[in-house]
Amino acid sequence: MDPESRTNGTAVTEFILLGLVETSQIRPVVFVVFLFAYLVTVGGNLSILAAILVEPKLHTPMYFFLGNLSVLDVGCITVTVPSMLARLLSHKHTIPYGACLTQLFFFHQLAGVDCFLLTAMAYDRFLAICRPLTYSTRMNQAVQRILVAVSWALAFTNALTHTVAIATLNFCGPNVINHFYCDLPQLFHLSCSSTQLNELLLFGLGILMAGAPVILIVTSYIHVVAAVLRIRSAEGRKKAFSTCGSHLTVVGIFYGTGVFSYMRLGSVEASDKDKGIGILNTVISPMLNPLIYSLRNPDVQGALRQVFTGKRALV
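Residues numbered from 1 in each chain as written. Predicted model: local features only at pLDDT ≥ 70, side-chain atom pairs only at ≥ 80, totals over all residues. Heavy atoms only, no water.

As recorded in an unreviewed UniProt entry, the chain goes by the name Olfactory receptor, listed as coming from Ursus maritimus. On record in UniProt, under Subcellular location (unreviewed entry), the comment for the chain is "Cell membrane". Regarding the chain, the relevant UniProt record gives this comment under Function (unreviewed entry): "Putative odorant or sperm cell receptor." (UniProt positions renumbered as here; feature names shortened; annotations may be inferred.)

Visitor: How would you explain the packing of helix α6 (residues 141–167) against helix α8 (residues 196–229) if you had to name every residue and give the values?
Guide: At a closest axis distance of 10 Å, the pairing of α6 and α8 adopts a crossing angle of 170°. By the angle between their axes, α6 is roughly antiparallel relative to α8. On the side of α6, the interface is formed by L154, A155, N158, T161, H162, A165 and I166, while α8 contributes N198, L201, L202, L205 and M209. Partitioned by chemical class, the residues of the contact of α6 with α8 number 8 nonpolar, 4 polar and no charged. (Axes fitted to C-alpha atoms, helices over the stretch in contact; angles between N-to-C directions. Helix = DSSP H or I, 4+ residues; strand = E, 2+ residues; numbered from the N terminus. Parallel < 35°, antiparallel > 145°, perpendicular 65-115°, else oblique. Contact = heavy atoms within 4.5 Å. Nonpolar A, V, L, I, M, F, W, Y, C, P; charged D, E, K, R; others polar.)

Visitor: Give me the lowdown on the state of the cysteines, citing residues and values where you can.
Guide: Structurally, a disulfide amounts to a covalent bond that connects the sulfur atoms of two cysteines. The tally for this structure, following the rule as stated, stands at 2 disulfides. The disulfide partner of C172 is C192, and the S-S distance across this bridge is 2.0 Å. Taken as a pair, C172 in the loop between α6 and β3 (176–177) and C192 in the loop between α7 (184–190) and α8 lie far apart in primary sequence, 20 residues in all. With relative accessibility at 9%, the residue C172 sits in the buried group. (Disulfide = S-S within 2.5 Å. Buried < 20%, exposed > 50% of the residue type's maximum accessible area, 1.4 Å probe, protein only.)

Visitor: Now, about unusual backbone geometry: what can you tell me, with residues and values included?
Guide: You will see that H91, though not glycine, has its phi angle at about 60°, which is positive. Tracing the backbone shows H91 in the loop between α3 (61–90) and β2 (94–96).

Visitor: Just give me the short version of the UniProt feature "transmembrane region" (unreviewed entry) in the chain, but keep the residues and values in it.
Guide: Feature annotation in UniProt places "transmembrane region" (unreviewed entry) on residues 29–54, 63–85, 105–126, 146–169 and 200–229, given in this structure's numbering. Helix makes up 92% of residues 146–169 and strand 0%, with an end-to-end C-alpha separation of 35 Å. What you have in residues 200–229 is 100% helix and 0% strand, and the ends, taken at the C-alpha atoms, are 42 Å apart.

Visitor: Requested: an account of the pairing of strand β1 (residues 14–17), with residues and values cited.
Guide: Residues F15 and L17 line the buried face of β1, whereas the alternating positions E14 and I16 sit on a face that is not buried. Inspection of the sheet shows β1 paired to β2 by 3 bridges, in the antiparallel sense. Among the inter-strand pairings, F15 is bridged to a residue of β2, identified as I95. In the sheet, β1 pairs with β3 via 2 bridges, with the strands oriented parallel. Counted as the bridge partner of I16 is V176 from β3. (Pairing = 2+ DSSP bridges.)

Visitor: A description of the nonpolar core should follow, citing residues and the corresponding values.
Guide: Of all hydrophobic cores here, the largest spans 62 residues; its most connected members are L66, L69, L118 and V224. Those elements that place two or more of their residues in this core are α2 (27–54), α3, α4 (97–130), α6, α8, α9 (234–262), α10 (272–294) and α11 (298–309). Grouped together as the second largest cluster of nonpolar side chains are 17 residues, L101, L104, I177 and L202 included. (Core = buried A, V, L, I, M, F, W, Y, C linked by side-chain atoms within 4.5 Å.)

Visitor: Before we move on, could you go through the packing of α2 against α3 and cite the residues and values that matter?
Guide: Contact geometry of α2 with α3 gives a least axis separation of 9 Å together with a crossing angle of 160°. One element, α2, and the other, α3, form an angle in the roughly antiparallel class. In the packing of α2 onto α3, the handedness of the crossing is left-handed. For the contact of α2 with α3, the class distribution of residues is 22 nonpolar, 5 polar and 2 charged. (Left-handed = near helix turned anticlockwise from the far one by under 90°.)

In structure tokens:
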């Protein structure tokens, strides 16, 4: 950016989100596809939540965390997709500065809770498989609630720190964001102040928010795999692995897309790849989670049948 634009004192009051497509003919198709994805995601996750509430067999720590994860998935997609759909309908691409920062805050709040909740679920599997005799006391209701509360508190601190830090930057030049929602890398590129501190914060907090949970998840599953391999019964091993497979799939999708998004800070402009990763992170992952957790899980399938038909499955 030229020096004149850095010092002319012009403050950006709104940003222009280019969205997913610039061709007007394709916009109706994009609207229908993403409206469908939104309804499927909200419907699927609320169905999982209802199934957990109505089925006594699912009143266990693992499904308590899964119910919380379903609420988070609904929140994550609601933070980004409805506003994008509204812009597609109104043909208005602008988003006020305050609304952009609000979206940024809630996105990082919910994604942060996701990080820690997935870690709590891995710890739950570790206790259930490696410490079965003390599982019920180590993972009682008080512990479950504390883990969820701490997840929210840590994520809130992270989201607030990034939001306050981004609010200290000056935006006095270009205001076009080549994306469909506001996020840190795109705002860094538009700032006419130094973003060095912000990028250090993103890196440092990223290690705490993503690196530490990944280490804990990997450590938990190393112990889980070792314990499962010691089970003599093939049926027992299969059952133990099946309870962990769904969680590992979700962890892989969540962290894979998240890490890739923030490793691209060095690029000058956001590309279509960033939009694709954004779709995976905010739309595809929350939409797939109910399917991943209900697939090959007869307890969840039976509870879902009860939710939709009102009839309890025969045992």
